[in-house]
Amino acid sequence: MLFMKTIYLVLVSLLIGRGLWGQDSTALQQYLQQHSWPVREQASVPFSFDTSFPRQQLFLMGEVHGYEKAHTLDFLMLQYLHARAGVRHYVMEIDAAQAWCFNRYLQNGDEKLLDTVFNYWVRAGLQWGNKALYRKLQNIRQWNLSLPLSDRITILGIDKIQQLPLALQYFNTLLQRHKGWEKRLPAATTVSGELLAAIDRQQHWLGDDYPALRYLAQNLRAHFLKTGREQQLTDNFITLYHNFRLDQHKAYGFLGFFHTIQDRVNDTYAFAGRLQQSIPTLKDHIISMNLVYTESDFMLDATMNPIPFPPFIPKEKLRMIPNRSGTRQYLQTDIFSQDGMLMKVKGSQMLKAITSPNSITVFDMRQARPFVKGYSSFMDTEIPLPRGFSVTMNDPAALHFQYLILIRHSGWAEPFLEK
């Protein structure tokens, strides 16, 4: 009885949602048509941003994990911003030790360093463990080799600790360069703050390794104190902002959609919104470009992340692909596309109506606020299953990001079926 009641509520929510998403705003649609342009993937200059775009300080692309085309677009954007804005710092949703592995790979080409991180992601059932991201890092290395040393890309990891053993290995590797320094450490835990204080006292002794050791200690303390993730992302970026003098250098980040929202969402501020309030020199100088996918296939490790799909989902929509050993089932489906059966983004049908199949289209939202006001809840997201993943903008969506980018007909981010 409880199961049937749950299914009934899901069906009702979907039917109501379809009614709501059927609403339209002629004024907003006209604005979007007049302020949009296609990404030309094969062109030497794929984007048509105006001249004010590269003058900003921090650029963020917000993706929903599990789609292949996002990684193609991300690499194009990184190259474009490198050429037009001088971006050399690439911010990723990884921790400090994972960034250490990736930067060493960019320098020496040892793919075992990539495997250290990707094998962990695959074991944990995380969508980052996909071939598109792996290939993107390979492409960044090959491109880096063509650049002068001073222009090469450095990866910055701002996420909370994901791989604690790897973080401790990185910490010990740095310590080993300073024989005898470990004897100066207090007999205290990282939670107490004494480790941070001890590192600060020995700044001269630690030399060039001081910023990295302090950053790791900061993250270890946050890990054991269980600091909230959005705050950790913010604290970490602020630290790296000072370490890498990002007040004098521009940066570009590829992060989850939620993290790049600049205004209140779900009654809180995410990473980008917190940055606007935390670093005065960044206020009004952050560009968020948020991705929307329609008619696109999504990847999920269904073994590690089982979802009780309702019986009205057609079986052909739930394509399960096993890995080679038969220990994992990967879901390839379009039901989580933003116009799919289990995800609805208000306004996605409007965006589809003014674009072409198999295209990537950029919508300039910077002057859209008065038009969005006439289309309540534009870009709000409803996800009936799994519960707890809906996204509600507290204010007009035009305050949350400067650009929307619609990707139509992306393939899934193919998993490592051989692992």
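In this numbering scheme, every chain counts its residues from 1 along its sequence in written order. The model is predicted, so local features are restricted to residues of pLDDT at least 70 and side-chain atom pairs to those at 80 or more, both for listing and for counting; the totals for chains, interfaces and linings are taken over all residues. The side-chain figures draw on all heavy atoms in the structure; neither hydrogens nor water molecules are used.

**Student:** Looking at this structure, how should I read the confidence of the model for the chain?
**Tutor:** Interpretation of this model should avoid reading the predicted coordinates in detail wherever pLDDT is low. Per residue, pLDDT captures the predictor's confidence, and it can take any value from 0 to 100. Looking at the chain, pLDDT values average 89 and 90% of them are 70 or higher. In what follows, residue pairs with any heavy atoms lying within 4.5 Å of each other are defined as contacts. Predicted confidence is poor over residues 1-24, with pLDDT under 50, and the contacts of this stretch with residues over four places away or in other chains come to 26 contacts.

**Student:** Looking at this structure, how should I read the nonpolar core?
**Tutor:** Most often, soluble globular proteins have nonpolar side chains that are buried together. Put simply, a nonpolar core is a bunch of buried Ala, Val, Leu, Ile, Met, Phe, Trp, Tyr and Cys residues held in one set by side-chain atoms that sit within 4.5 Å of each other. Buried means the residue's accessible area, taken with a 1.4 Å probe over protein chains only, is under 20% of the maximum for its type, while exposed means over 50%, and partly exposed covers the values in between. Within the largest apolar cluster, 107 residues are counted, with the highest numbers of intra-cluster contacts made by F49, F102, F237, Y252 and M289. The way it works is that DSSP assigns letters per residue, a run of H or I at least four long becomes a helix, a run of E at least two long becomes a strand, and they are numbered from the N terminus. The leading source of residues in this core is helix 3 (residues 69-85), at nine residues. Judged by nonpolar contacts, the second largest core, of 26 residues, contains L351, A397, A398 and L404.

**Student:** Explain the packing of helix 7 (residues 164-175) against helix 10 (residues 210-225) to me, please; I cannot follow it from the model alone.
**Tutor:** Helices that pack against each other are described as a pair by the angle of their axes relative to one another and the distance between those axes. Axes here mean lines fitted to C-alpha atoms, for a helix over just the part in contact, with angles spanning 0 to 180 degrees between N-to-C directions. The contact between helix 7 and helix 10 brings their axes to 10 Å, and the two run at 150°. The orientation of helix 7 relative to helix 10 falls into the category roughly antiparallel. For the pair helix 7 and helix 10, the sense of crossing is left-handed. Along the contact surface, helix 7 presents L164, A167, L168, Y170, F171, L174 and L175, while helix 10 presents A212, L213, L216, A217, L220, H223 and F224. The residue classification treats Ala, Val, Leu, Ile, Met, Phe, Trp, Tyr, Cys and Pro as nonpolar and Asp, Glu, Lys and Arg as charged. All others, Gly included, are polar. Broken down by class, the residue content of the contact of helix 7 with helix 10 amounts to 13 nonpolar, one polar and no charged. Here is the rule for angles: anything less than 35 degrees is roughly parallel, anything more than 145 is roughly antiparallel, 65 through 115 is roughly perpendicular, and the remaining ranges are oblique. Less than a right angle of anticlockwise turn of the near helix away from the far helix marks a crossing as left-handed, whereas a clockwise turn marks it as right-handed.

**Student:** Looking at this model, I keep getting lost on unusual backbone geometry. Mind explaining?
**Tutor:** Peptide bonds are mostly trans, and most non-glycine residues show a negative phi. Its identity as a non-glycine residue notwithstanding, D267 has a phi of 65°, on the positive side. In this fold, D267 is placed in the loop between strand 6 (264-265) and strand 7 (268-269). You will see that M379, though not glycine, has its phi angle at about 75°, which is positive. Checked against the element boundaries, M379 lands in the loop between helix 14 (369-372) and strand 14 (381-382).

**Student:** For this particular structure, what's the right way to read the side chain of T234?
**Tutor:** Here T234 is to be found in helix 11 (residues 229-243). Among the residues examined, T234 registers a relative accessible area of 1% and is labelled buried. Setting aside anything within four residues of it in sequence, one finds T234 in contact with F271, R274, L275 and S278.

**Student:** I tried to follow the side chain of T361 on my own but got confused; where do I start?
**Tutor:** The topology assignment puts T361 in strand 13 (residues 360-364). For T361, a relative accessible area of 8% translates into the label buried.

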